[in-house]
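# Observations on chain architecture
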Amino acid sequence: PVAVGWAELTLTDPRGVVLSLPLEPYGKARPRARVIPKRRAGEASGGRMSASDFRQGVGLTTKDFRAMAYTDPAYAAWKDAAALLLGEGYRRQGGREPIERLAWMHIWCFSAAARGDLDNFCGGVLDSLVQGGVLSNDHVAVIPRLTAAWERREKPFVRILLMRAG
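## Let's talk about the overall build of the protein chain
Looking only at helices and strands, one finds three helices and eight strands in the protein chain. Moving toward the C terminus, one meets the helices and strands of the protein chain in the order β-β-β-β-α-β-α-β-α-β-β. By the burial criterion, 34% of the 166 residues in the protein chain qualify as buried. In the protein chain, once contacts between residues fewer than 6 apart in sequence are set aside, the share between residues at least 24 apart is 81%.

Have a look at this one:
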């Protein structure tokens, strides 16, 4: 039997996996991008220009720039730590290969502060489960049913119940 969630539910089904993450729930970061020049200031638009003209955009077109996507560094660090902890927890319970299909999954998020969106917390957990090798993918074909809950607790953590299909 394994205690899961705040109700001390007992899990006796061998298809179940319970993972705990001793971290503050962290919402999945929205994609970010920054615009950067394709060429150096003196080479922009084929002509010579000063750095101040370049900063002001004098003589430049959209063809002189490109967007570079990036992940928020704080989220990336949280996701890396969570993936490591969740992967280790899964392997300690005998998990070897990523789970290909679940019947359902539940995520409990516990934190002291009532801020953030529950769906973003779930997105961060799902990204970490995939990166940690617990799940093969976070696609609906792998996770057809997902439920989640948030509760105020002084000590923040995340608990995850995975119920394998079959």
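## Regarding the side chain of Ser 128
Residue placement: Ser 128 occurs in helix 3 (residues 118-131). A distance of 3.0 Å separates a polar side-chain atom of Ser 128 from the backbone oxygen of Gly 124. Excluding anything up to four places from it in sequence, Ser 128 contacts Trp 78, Lys 79, Ala 82, Ala 83 and Leu 86.

## Re the pairing of strand 6 (residues 102-111)
A large share of strand 6 lies buried, amounting to eight of its 10 residues. As paired strands, strand 6 and strand 8 (residues 157-164) are joined by eight bridges and run antiparallel to one another. Bridge pairing in strand 8 places Leu 102 opposite Arg 164. Bridge count between strand 6 and strand 7 (residues 146-152): seven bridges; the pairing is parallel. Across the sheet, Met 105 pairs through a bridge with Leu 146, a residue of strand 7. Note on the crossover from strand 6 through helix 3 to strand 7: the handedness is right-handed.

## What about the sheet that holds strand 6?
With mixed pairing, four strands are arranged side by side in an open sheet as 3-8-6-7. Edge positions in the open sheet fall to strand 3 (16-21) and strand 7, since each of these has one partner strand only. Each strand of the sheet is rotated relative to its neighbour by a mean of 10 degrees, with strand direction disregarded. Here six bridges tie strand 3 to strand 8, and the two strands are oriented antiparallel to one another. For Val 17, the partnering residue across the bridge sits in strand 8 and is Leu 162. Strands in contact with helix 2 (residues 73-92) are strand 3 and strand 8; relative to strand 3, the strand with the most contacts, it is inclined by about 140 degrees.

## Section: the pattern of salt bridges
Inspection of every chain in the model, using the stated rule, returns two salt bridges. Where Asp 127 meets Lys 28, a salt bridge forms, and the shortest distance between an N and an O atom there is 3.3 Å. Here Asp 127 is found in helix 3, whereas its partner Lys 28 is found in the loop between strand 3 and strand 4 (32-37), with 99 residues between them in sequence. For Asp 127, a relative accessible area of 15% gives the class buried. According to the relative accessible area criterion, Lys 28 is partly exposed, its value standing at 36%. Across the salt bridge formed by Glu 151 and Arg 153, the nearest N and O atoms sit 3.3 Å from each other. Using a relative accessible area of 23% as the deciding quantity, one classes Glu 151 as partly exposed.

Reading the values: the criteria
Residues numbered from 1 in each chain as written. Predicted model: local features only at pLDDT ≥ 70, side-chain atom pairs only at ≥ 80, totals over all residues. Heavy atoms only, no water. Helix = DSSP H or I, 4+ residues; strand = E, 2+ residues; numbered from the N terminus. Buried < 20%, exposed > 50% of the residue type's maximum accessible area, 1.4 Å probe, protein only. Contact = heavy atoms within 4.5 Å. Polar contact = N/O pair within 3.5 Å; in protein donor to acceptor, adjacent residues only side chain to side chain. Pairing = 2+ DSSP bridges. Right-handed = clockwise from strand over helix to strand, strands pointing away. Axes fitted to C-alpha atoms, helices over the stretch in contact; angles between N-to-C directions. Salt bridge = Lys/Arg side-chain N within 4 Å of Asp/Glu carboxyl O.

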